Amino acid sequence: MATIPAAKIRFREPQIEMAHGAGGKASRRLVEGLFAPLLFGASPGPLGDAAHIQINGTRIAMTTDSFVVKPLRFPGGSIGELAINGTVNDLAVSGARAEAIVVTFVLEAGLPTEILEAEVRAMGQAAEKAGVRIAGGDTKVVEHGKADKMYISTTGIGRLLSGVEISPQSVQLGDKVLLSGPIGDHGITILLARGDLDLEANLTSDTRSVFPLVDSLVQAAGAGVRWMRDPTRGGVATSLNELARDCGHGIVLFEEKIPIRDSVRGACELLGLDPLHIANEGQFLAIVSAELADTALQALRATPGGEEAQLIGEVREQPESSVLVTTLYGGSRIVDMLVGDPLPRIC
Amino acid sequence: MKFVDEFRSPELITKAGEEIRKLADPSRHYRIMEVCGGHTHAIYRFGLKDLLPVNVELIHGPGCPVCVLPMGRIDDGLALAAEPNFIFAAFGDMMRVPGTNGSPLEYKARGMDVRIVYSPADALKLARNNPGKHVMFFAIGFETTAPSTALTLVRAKAEDLQNFSVFCNHVTIIPAIRAILDSPDMRLDGFVGPGHVSTVIGCRPYDWIAKDEGKPVVVSGFEPLDILQSIVMLLRQLRNGEAKVENQYKRVVPWEGNRAALRAMAEVFELRPYFEWRGLGFISQSALKIRAGYAQWDSEQRFTVPGVRVTDPKAAQCGEVLKGVLKPAQCKLFGRECTPEQPVGALMVSSEGSCAAYYNYEHRKPVTIASAAAF
Amino acid sequence: MCLAIPGKIVELDPQNANLALVDVVGVRRKVDLGLLQDEPPVPGDWVLIHVGFAMSKISEADAADQMQTLTMLGEAAAAMEEVRGYGLQEDPPDQYGKGWKQ
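Residues numbered from 1 in each chain as written. Chains lettered and ligands numbered in written order. Predicted model: local features only at pLDDT ≥ 70, side-chain atom pairs only at ≥ 80, totals over all residues.

Side note on the overall build of chain A
Phase 1 of the analysis: Broken down by element type, chain A carries eight helices and 15 strands.
Phase 2 of the analysis: Taken over C-alpha atoms, the radius of gyration comes to 19 Å for chain A, in line with the 20 Å a tight globule of 347 residues would show.
Phase 3 of the analysis: Judged by the C-alpha coordinates and their principal axes, chain A covers about 60 × 55 × 50 Å.
Phase 4 of the analysis: Burial status across chain A gives 52% buried among its 347 residues.
Phase 5 of the analysis: Considering only contacts within chain A whose residues lie at least 6 apart along the sequence, 83% involve residues at least 24 apart. (Helix = DSSP H or I, 4+ residues; strand = E, 2+ residues; numbered from the N terminus. Rg over C-alpha atoms; globule rule 2.2 N^0.38 Å. Buried ≥ 20, exposed ≤ 12 C-beta atoms within 10 Å, placed from the backbone. Contact = placed C-beta atoms within 7 Å.)

So this is what it looks like as structure tokens:
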């Protein structure tokens, strides 16, 4: 039985904490409890990655995102690439081809020009690779100490692909969960790049545009695609929990099917982290009808960059509004959203 | 992953589950306590309860060093580090634990220099790299972790590093087990012993549990097959009316323990006459403090500790859950006033606290026949 | 208190006998060997790592032994397993040397 969450969570906390930006439960409380009631009207419906707007009969998607990353440069990418790919991907998973992006820079006074230049260059290259136009932007400079070198915000618009009607409400019992590739690369790369944990691994961020994969999927199985999301901050667990809450069903994952690189797994075991909570910047999830699931999987695997795609689970009645991970030997556990960012543990 | 994947073999886990179901006498109800919070976490993470018959019940023990830390000690640590040139360094486990005025992460958001470290050695490195600041390492853990803190202090002293100190909250496991067995509400049949603590203290310290209390103890590893095999070994003992200490985790645990680790601990630490354990009250000879020879590196001897005692809210039943008398869901605050997002007690914040583990991994699971009674 | 992971010693630090580079499926970290100073491990050894310190050497023989026991669970060898579990029989020589284990 699908339900839109009826209760509005009023935001009662006296001050904003780091957790509110982490993409987990605290973030959701802020969005649903403060932004939504004040900005989105009485019944905004489930909040997706992008807004769908009709202008003169043309359906376009629009999204915005901001990027706060430490360190700015890391193996496999930098904040500039994240800023472009992140917005392209948000549009892609709402079923749209990104057409144009505008960029806002908030720069810290004292930032060396060569750092800015490197990022702008990276953005230009990422945009070209993704086939999206950077149409304009804005720059602000703030005092030293107020911007952690630089913050980038991108807003993108895109044209909705035909044949795509996605929403949590269209998710049905028996639908399958499709994942485009191995999880955790980005989040672990960043964690290691910060240097506090003194760990090294041959890992790179997976940042890339997922649009080519989404395009293949939609072309092959568009009628069966119910929902898509890019599992960034908060990981696969957060994205699927949001879906489960929005559609009311249970999402059951098969642990042995979830693709993960050895070194990501090793880092997670060492630090006591759950890979399902780790951010990804180059993967996406889709819920696909049972009839078209195999077609969808083959389409992804046949597309460059989608070779490691997997069907990792299915939609069931129980546990309602929750995500359950099962093992081959019959053990299972609930996987919930985190409150804030995942923290390493020693116990 | 070698030495990990083999012990997660689905076929062998299924087999071990079958063996447990064969061994469990249907006319008995077994209550087995896993002492260590790491075991609690593993049991939930691997869904091992799903494999147990209804009459084999796992009771979560107090071996969670974050859970048993009184709030006053967190307040003390944060107060010490409130000086302008201090760096507060601690394991990730500590970061969300609520003090009276917030958790370390909340203090960080308000401007305190708070760093997450994976190792006490990293805290020492922070001190070397930040000569203008004082690094205070908030040390927690049972005997598994204490030797590493000890060695770190040995190294700090050898280098005569001035800007480093440890706020020591190490506790010892045997007094906690004693407190459980002394508790009138407890009926237990046996123990899954703490495998990693035992790499340091060995298996002899549990002899009295078998000899004097008549309860079997199996020192266990942390992979699913380790825990299941330990339960098999306990059930076999119980079937045969035996009570012995056994070592299931032989690949790693030496019966006599780690002498070098014990030496390091003896060099640096001595037992406090008593220490307050959250939920268990004051227990004598149950915690470590830094010896006078290392006073320079002991935050408590070098600085003034406020020493505030904070009592838990009356409604919070952390103590009973810690002792295994209550299940997490039986605490009146569970899931209502007390959730991982707004934890009242440390059992809800620590990743191995039984309340957090149950809340995060279990309490919305579809109820099966097996899980109904065991929850 | 309890999170400890097996890792393989890749190389000893030439400048510091107490440190070694340890590998866990491709993730590497310098680990302090000070707690194993009575029988220092060498490259190729497997150790149990907790908070950046090596706690114990991992015995491949005991691990293999244990896997065998688990594989035979429920079969006629049950009696044999019981004896092994008590540690009373003579175990094969292990890395700790005599006297470490009962």
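Structural notes on the confidence of the model for chain B
Residues and elements named next belong to chain B.
Phase 1 of the analysis: Considering every residue of chain B, the mean pLDDT works out to 93; 98% of them sit at 70 or more.
Phase 2 of the analysis: Within the model, pLDDT remains below 50 along residues 369-375, and this stretch shows 15 contacts once partners closer than five positions in the same chain are excluded.
Phase 3 of the analysis: The ipTM assigned to the predicted complex is 0.94, against a pTM of 0.92. (pLDDT = per-residue confidence, 0-100.)

Some words on the interface of chain C and chain B
Accessible area lost on assembly of the parts is the figure often given for the size of an interface.
Phase 1 of the analysis: Listed per partner, the contact involves 38 residues of chain C and 50 residues of chain B.
Phase 2 of the analysis: The set of elements that each furnish at least two residues to the side of chain C that touches chain B consists of β4 (46-50), β5 (53-57), α1 (60-71) and α2 (78-86) of chain C.
Phase 3 of the analysis: A per-element tally of the side of chain C that touches chain B places α1 of chain C first, with six residues.
Phase 4 of the analysis: In terms of residue class, the side of chain C that touches chain B is built from 21 nonpolar, twelve polar and five charged. (Nonpolar A, V, L, I, M, F, W, Y, C, P; charged D, E, K, R; others polar.)

Points about unusual backbone geometry
Phase 1 of the analysis: The peptide bond linking Lys70 of chain A to Pro71 of chain A adopts the cis configuration, its omega dihedral lying at 0°.
Phase 2 of the analysis: Its place among the elements puts Pro71 of chain A in the loop between β2 (58-67) and β3 (73-74).
Phase 3 of the analysis: Cis geometry is adopted by the peptide bond preceding Pro319 of chain A, which originates at Gln318 of chain A and carries an omega value of -5°.
Phase 4 of the analysis: By the secondary structure assignment, Pro319 of chain A is in the loop between β13 (310-316) and β14 (323-326).
Phase 5 of the analysis: Notably, Asn56 of chain A is not glycine yet its phi reads approximately 50°, a positive angle.
Phase 6 of the analysis: Relative to the elements of secondary structure, Asn56 of chain A occurs in the loop between β1 (51-55) and β2.
Phase 7 of the analysis: If you check the backbone angles, Val25 of chain C has positive phi at about 35° while not being a glycine.
Phase 8 of the analysis: Note that Val25 of chain C resides in the loop between β2 (19-24) and β3 (27-32).
Phase 9 of the analysis: On the basis of neighbour counts, which here come to 22 C-beta atoms within 10 Å, the residue Val25 of chain C falls in the buried class.

What to know about the packing of helix α6 (residues 146-159) of chain B against helix α11 (residues 259-268) of chain B
All names here are of chain B.
Phase 1 of the analysis: Running from N to C, α6 and α11 cross one another at 60°; their axes reach a closest spacing of 8 Å. What the angle tells us is that α6 and α11 run oblique. Judged by the sense of rotation from one axis to the other, the crossing of α6 with α11 is left-handed. Side by side, α6 and α11 meet where Ala146, Pro147, Ala150, Leu151, Leu153 and Val154 of the first sit next to Ala261, Ala264, Met265, Glu267 and Val268 of the second.
Phase 2 of the analysis: Of the residues belonging to the contact of α6 with α11, the class tally is ten nonpolar, no polar and one charged. (Axes fitted to C-alpha atoms, helices over the stretch in contact; angles between N-to-C directions. Parallel < 35°, antiparallel > 145°, perpendicular 65-115°, else oblique. Left-handed = near helix turned anticlockwise from the far one by under 90°.)

What about the nonpolar core?
Phase 1 of the analysis: Grouped together as the largest cluster of nonpolar side chains are 253 residues, with contacts concentrated most on Leu217 of chain A together with Met136 of chain B.
Phase 2 of the analysis: Sorting elements by how many residues they give to this core places helix α10 (residues 224-239) of chain B first, with nine residues.
Phase 3 of the analysis: If we skip the residues at most four places from it in the chain, Leu217 of chain A touches Val225, Ala286, Ala296, Ala299 and Leu300 of chain A. (Core = buried A, V, L, I, M, F, W, Y, C linked by C-beta atoms within 7 Å.)

Quick notes on the sheet that holds β2 of chain A
Residues and elements named next belong to chain A.
Phase 1 of the analysis: The five strands lie next to each other as β1-β2-β7-β5-β6, forming an open sheet whose pairing is mixed. Each edge of the open sheet is held by one strand with a lone partner, namely β1 and β6 (133-142). Ignoring strand direction, the axes of neighbouring strands in this sheet form an average angle of 20°. (Pairing = 2+ DSSP bridges.)

Observations concerning the interface of chain A and chain B
Phase 1 of the analysis: Taken together, the contact between chain A and chain B spans 29 residues of the former and 39 residues of the latter.
Phase 2 of the analysis: Among the elements that line the side of chain A that touches chain B, the one with the most residues is strand β15 (residues 332-335) of chain A, at three residues.
Phase 3 of the analysis: Its residues assigned to classes, the side of chain A that touches chain B shows 13 nonpolar, eight polar and eight charged.

Overview of the domain arrangement of chain B
Residue and element names in this part refer to chain B.
Phase 1 of the analysis: Assigned domains of chain B: these are domain 1 (1-300 + 307-313) and domain 2 (318-374).
Phase 2 of the analysis: Each partner contributes to the interface: domain 1 provides 35 residues, whereas domain 2 provides 24 residues.
Phase 3 of the analysis: Counting residues per element, the side of domain 1 that touches domain 2 draws most heavily on helix α2 (residues 37-45), at six residues.
Phase 4 of the analysis: Considered class by class, the residues forming the side of domain 1 that touches domain 2 number 18 nonpolar, eight polar and nine charged. (Domains from an automatic or database assignment.)

With respect to the environment of Phe222 of chain B
Phase 1 of the analysis: Here Phe222 of chain B is to be found in the loop between β8 (217-220) and α10.
Phase 2 of the analysis: Residues Phe222 of chain B and Leu238 of chain B, spaced 16 residues apart in sequence, show a C-alpha to C-alpha distance of 22 Å.

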